[in-house]
Amino acid sequence: MLKSVILVLVGGALGAVLREDLILWVPNPADQFPLDILAANLAASLLVGLVTGLCQRMAAPEGVSLFTTTGIAGGLSTFSTFAYGTVMLTLASRMSAVVASVYVLTSLALGYLAVVVGLKLSGQGSS
Amino acid sequence: MTAWDVLWVALGGGVGSVLRWGVGRAVGERYHGLFPLSTFLINVSGAFAVGYLSVLFYVDWRDRYGAALNVGVVTGVLGGYTTFSTMQLDAVKLAKQRGGVSATSYLLISLVAGQLAAGLGSALARAQG
């Protein structure tokens, strides 16, 4: 129990710092499209697919997925800023509402695809 | 991003992730249906909290650093608590079990519920303001 808590705590801390580093590094387009949040969410989704597939294939101990999937990927990705950001963009102006719609649909479609690609890369995609 | 920001983000992100894991376990013990209820509840409650606290702290949704409270709680705890990646993994699993319509519905329901919760949270904070 304590070991699990520590794995999730350290993984989540690492993931959150990674997210903020990535957000600083990814440029923000002039049209306010939140490319930085999208990048963090896609990277985390890819990681989740890859690690979930690898853990199944290698029958890895639970700690591996707790640290990597629950911790790092969970900390790296964010739903709260995603949801709140789209609401604020939608309310800001008609132009940014269009950007918000594109952002939402792109995030959902590409995030799903990222998990599928991650699973495929791990060799678990067909199962 | 200063060294203090990194520290607050790490601390908040770690605590938020443990919170998410704990809620996930608690829901998982009581609910055994196909709908990914724990991730859904986590994300919707986190979206409500981010809307409420952003108005309370007077921060724009793009302000990720600055005051320790904002960095630690909004960027750190709530960013770590909510998850986009597990939601997508849930959707892929749901697609395998129940088909694409179920997976798409789950994603859209999560999105709309999350947006409503975030809007409600900020409206509540403004009404109290």
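Just above sits the structure.
Residues numbered from 1 in each chain as written. Chains lettered and ligands numbered in written order. Predicted model: local features only at pLDDT ≥ 70, side-chain atom pairs only at ≥ 80, totals over all residues.

Asker: In this structure, what is going on with the overall build of chain B? I would like to understand it.
Answerer: Counting its regular elements, chain B contains five helices and zero strands. Reading chain B from its N terminus to its C terminus gives the helix and strand order α-α-α-α-α. With the C-alpha coordinates aligned to their principal axes, the bounding extent of chain B is approximately 45 × 30 × 25 Å. Here chain B, with 129 residues, has 51% of them falling under the buried criterion. (Helix = DSSP H or I, 4+ residues; strand = E, 2+ residues; numbered from the N terminus. Buried ≥ 20, exposed ≤ 12 C-beta atoms within 10 Å, placed from the backbone.)

Asker: Would you mind going over the packing of helix α3 (residues 62-76) of chain A against helix α1 (residues 3-30) of chain B with me for this structure?
Answerer: Two quantities define a packed helix pair, namely the angle between the helix axes and the distance between the axes. Relative orientation of the contacting elements α3(A) and α1(B) amounts to 120 degrees, with a least axis distance of 10 Å. By the angle between their directions, the pair α3(A) and α1(B) is classed as oblique. As α3(A) packs across α1(B), the resulting crossing turns out to be right-handed. Residues A:T70, A:G71, A:G74 and A:G75 of α3(A) form the contact with α1(B), whose participating residues are B:G13, B:S17, B:R20 and B:W21. Taken together, the residues of the contact of α3(A) with α1(B) break down into one nonpolar, six polar and one charged. (Axes fitted to C-alpha atoms, helices over the stretch in contact; angles between N-to-C directions. Parallel < 35°, antiparallel > 145°, perpendicular 65-115°, else oblique. Left-handed = near helix turned anticlockwise from the far one by under 90°. Contact = placed C-beta atoms within 7 Å. Nonpolar A, V, L, I, M, F, W, Y, C, P; charged D, E, K, R; others polar.)

Asker: How should I be thinking about the environment of B:Y65 in this particular structure?
Answerer: Residue and element names in this part refer to chain B. Relative to the assigned elements, Y65 resides in the loop between α2 (37-56) and α3 (68-81). For Y65, a count of 18 C-beta atoms within 10 Å puts it in the partly exposed group. With 63 residues separating them in the primary sequence, Y65 and T2 have C-alpha atoms 8.6 Å apart. With residues up to four places along the chain from it excluded, the contact list for Y65 reads M1, D5 and V71.

Asker: Please explain the interface of chain A and chain B as it appears in this structure.
Answerer: The figure often quoted for interface size is the accessible area lost as the parts come together. Taken together, the contacts link 45 residues of chain A with 42 residues of chain B. Elements represented by at least two residues in the side of chain A that touches chain B include exactly α1 (2-25), α2 (35-58), α3, α4 (80-92) and α5 (94-122) of chain A. A class-by-class count of the residues in the side of chain A that touches chain B yields 25 nonpolar, 18 polar and two charged.

Asker: I would appreciate a short explanation of helix α5 (residues 100-128) of chain B in the present structure.
Answerer: For the α-helix, the turn length of 3.6 residues means that residues three or four positions removed from each other point alike. Taking 1.5 Å as the rise per residue, α5(B) with 29 residues should run 42 Å; its terminal C-alpha atoms sit 42 Å apart, in good agreement. Those residues of α5(B) that fall on the buried side of the exposure criterion are B:A103, B:Y106, B:L107, B:S110, B:L111, B:G114, B:Q115, B:A117, B:A118, B:G121 and B:S122. Against the buried residues of α5(B) lie α4 and α5 of chain A together with α2 and α4 (85-98) of chain B. (Expected span 1.5 Å × (residues − 1).)

Asker: What's the story with the packing of α5(A) against α4(B) in this structure? I'm lost.
Answerer: In contact at an axis separation of 9 Å, α5(A) and α4(B) are set at 70 degrees when each is read in the N-to-C sense. In terms of their interaxial angle, α5(A) and α4(B) are classed as roughly perpendicular. Taken together, the residues of α4(B) that come into contact with α5(A) (itself represented by A:G111, A:Y112, A:A114, A:V115 and A:V116) are B:Q88, B:L89, B:A91 and B:V92. Among the residues forming the contact of α5(A) with α4(B), the class breakdown is seven nonpolar, two polar and no charged.

Asker: Explain the nonpolar core here, please?
Answerer: Here is a general trend for soluble globular proteins: nonpolar side chains tend to be buried in one another's company. Counting residues in hydrophobic clusters, the biggest one holds 69 residues, and the most contacted among them are A:L47, B:A47, B:V50, B:A91 and B:A118. No other element matches α2(A), which puts nine residues into this core. What B:A47 contacts, discounting residues up to four positions off in sequence, is A:F79, A:S80, A:A83, A:Y84, B:T82, B:G114, B:A117 and B:A118. (Core = buried A, V, L, I, M, F, W, Y, C linked by C-beta atoms within 7 Å.)

Asker: For this particular structure, what's the right way to read the environment of B:L34?
Answerer: All names here are of chain B. On the secondary structure map, L34 appears in the loop between α1 and α2. Taking the number of C-beta atoms within 10 Å as the measure of exposure, L34 has 12 and is therefore exposed. Spatially, the C-alpha atom of L34 lies 9.6 Å from that of K93, the residues being 59 residues apart in sequence.

Asker: Explain unusual backbone geometry to me, please; I cannot follow it from the model alone.
Answerer: Leaving glycine out, the prevailing phi sign among residues is negative, and the prevailing peptide bond configuration is trans. Residues and elements named next belong to chain A. Of note in the backbone geometry, Q32 takes a positive phi value of approximately 75 degrees without being a glycine. Among the secondary structure elements, Q32 is positioned in the loop between α1 and α2. Of the residues examined, Q32 has 18 C-beta atoms within 10 Å and is grouped as partly exposed. The phi torsion at A59 lies on the positive side, around 50 degrees, for a residue other than glycine. Position of A59 relative to the elements: it lies in the loop between α2 and α3. For A59, a count of 6 C-beta atoms within 10 Å corresponds to the exposed category.

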